[in-house]
Amino acid sequence: MPFSNVTPEIFTEFIITGFNGVEHPRTIGFVILAIYAFILLGSSINIYIISRDKHLHTPMYFFICNLAVVDILYSTSVSPVMMVILIADMKTISYKPCLTQMFMFHFGGVMEIFAITLMAYDRLIAISYPLRYHSILTRTRILGLAVATWALGSALTAIFTGTADRLPYCLPALKYAFCDYAALVRAACVNPDEYFVLSTVISFFALFGTFTFIALSYLKIIFAVVKISSPSARKKMFSTCLTHLIVVACVFAPPFVSIILTRLGLVLSLKERHILLIGSCLGPSLLNPFVYCLRTKEIRSQLLRIFKTVEPTIEPIK
């Protein structure tokens, strides 16, 4: 049926049907709950450790803290919605909360790649210009960079939200696991292909632009490391960069896989899309705090020190 012949309706709520037919929904819901709890715990520990130790008030740890905040935001954008659907079997969501959840989800995704891009810039300056590191990355400058990325992320995401808010809707059911741009576009009385052009352009800018910057920065880092004669210095720089590269791989791999597969003509089923989308949101957010906690000596040392100070003392029996 032509989209022009479909009469739009005014919906006050949507029904999320993405988990219909899923076996053992409560088990999956509790798994998501456990993952979400670990994300909150790990990210909060990193933020707490960095904020309490003045020796960690450096640009690198500021950007790690920024990433931890983004991880909490990103995972919170979808986890509560999915847990309510799977555990409480409440599948309806009001129109405005759906738009808000969509905004937070896409905003968290954009900020995730912006956050690790800032971290790549920090490593680039630290290794390529070590003597000028603190003069280049001053407190004012790193705050300015952080504010600029958050503002740009908000602006890009607002385009999605504003577009979705103006669409005429024909279907009350969303075939996806939560509210996102694709789900709302497919529920509208419009040709979705025309509106997906917008998301493709923004995704290309956000993904390929930041990935190109990260790749070029690491090429420059490699050339800078080659010039270093000290094996211990090389090892330390390699360890620091490896931690960041693990995070980069986890963040960029799922969207790149999705883009490459779809461009090759492979059509993902709804179930496969859900797994990829949920994994791309919760996976990096779960891994990031533990990667930086386990591989960053300063954070690991502070964490062990905290545990030692809170060890219970056993009083002798009188």
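The numbering scheme is per chain: residues are counted from 1 as the chain's sequence reads. Given that this is a predicted model, residues contribute local features only at a pLDDT of at least 70 and side-chain atom pairs are listed and counted only at 80 or more, while totals for whole chains, interfaces and linings are drawn from all residues. Hydrogens and water molecules were not included; the side-chain quantities draw on all heavy atoms of the structure.

1. Some words on the side chain of Thr 163
Within the element layout of this structure, Thr 163 appears in helix H5 (residues 139–165). Only protein chains enter the accessibility calculation, which uses a 1.4 Å probe. A residue is then buried if its area is under 20% of the maximum for its type, exposed if over 50%, and partly exposed in between. You can call Thr 163 buried: its relative accessible area is 11%. A distance of 2.7 Å separates a polar atom in the side chain of Thr 163 from the backbone oxygen of Ile 159. Sequence-distant contacts of Thr 163, that is, excluding residues within four places in its chain, are made with Tyr 181, Tyr 195 and Leu 198. Secondary structure follows DSSP: runs of H or I at least 4 residues long count as helices, runs of E at least 2 residues long count as strands, and numbering of each begins at the N terminus. Polar contacts here mean pairs of N or O atoms no more than 3.5 Å apart (in protein, one a potential hydrogen donor and the other a potential acceptor; neighbouring residues in sequence count only if both atoms are side-chain atoms). Any pair of residues with heavy atoms lying within 4.5 Å of one another is described as a contacting pair.

2. Brief notes about the packing of helix H3 (residues 95–128) against H5
To obtain an axis, a line is fitted to C-alpha atoms, over the contacting stretch when the element is a helix, and the angle between two such axes runs from 0 to 180 degrees between their N-to-C directions. Where H3 contacts H5, the two axes come as close as 8 Å, and the packing angle between them is 150 degrees. The way H3 lies across H5 gives a crossing that is right-handed. The residue classification treats Ala, Val, Leu, Ile, Met, Phe, Trp, Tyr, Cys and Pro as nonpolar and Asp, Glu, Lys and Arg as charged. All others, Gly included, are polar. For the contact of H3 with H5, a count of residues per class yields 18 nonpolar, six polar and two charged. Here is the rule for handedness: rotate from the far helix to the near one, and if that takes an anticlockwise turn smaller than a right angle the crossing is left-handed, while a clockwise turn gives right-handed.

3. Examining the state of the cysteines
Cysteine sulfurs are considered disulfide-paired once they come within 2.5 Å of each other. Throughout the structure, instances matching the rule amount to two disulfides. Linked covalently through their sulfurs, Cys 98 and Cys 179 form a disulfide whose S-S length is 2.0 Å. Measuring the twist about the S-S bond at about -115 degrees, one finds the Cys 98-Cys 179 disulfide to be left-handed. Of this pair, Cys 98 sits in helix H3 while Cys 179 sits in the loop between strand S3 (173–174) and helix H6 (181–186), and the two are 81 residues apart along the sequence.

4. What to know about the nonpolar core
Ranked by size, the top nonpolar core spans 86 residues in total, and within it Ile 116, Tyr 169, Leu 174, Phe 178, Leu 184 and Phe 252 carry the most contacts. Looking at this core, the element that brings in the most residues is H3, giving 19 residues. Working definition of a nonpolar core: buried Ala, Val, Leu, Ile, Met, Phe, Trp, Tyr and Cys residues. They are joined through side-chain atoms within 4.5 Å.

5. Overview of H5
What a helix is expected to span follows from its residue count: subtract one and scale by 1.5 Å. Its 27 residues place the ends of H5 38 Å apart at the C-alpha level, agreeing with the 39 Å of an ideal helix rising 1.5 Å per residue. Among all positions in H5, only Ile 142, Ala 146, Thr 149, Gly 153, Leu 156, Thr 157, Phe 160, Thr 161, Thr 163 and Ala 164 are buried. Summarising the contacts, the buried residues of H5 are in contact with helix H2 (59–88), H3, H6 and helix H7 (192–226).

Purely geometric numbers; function is a separate question.
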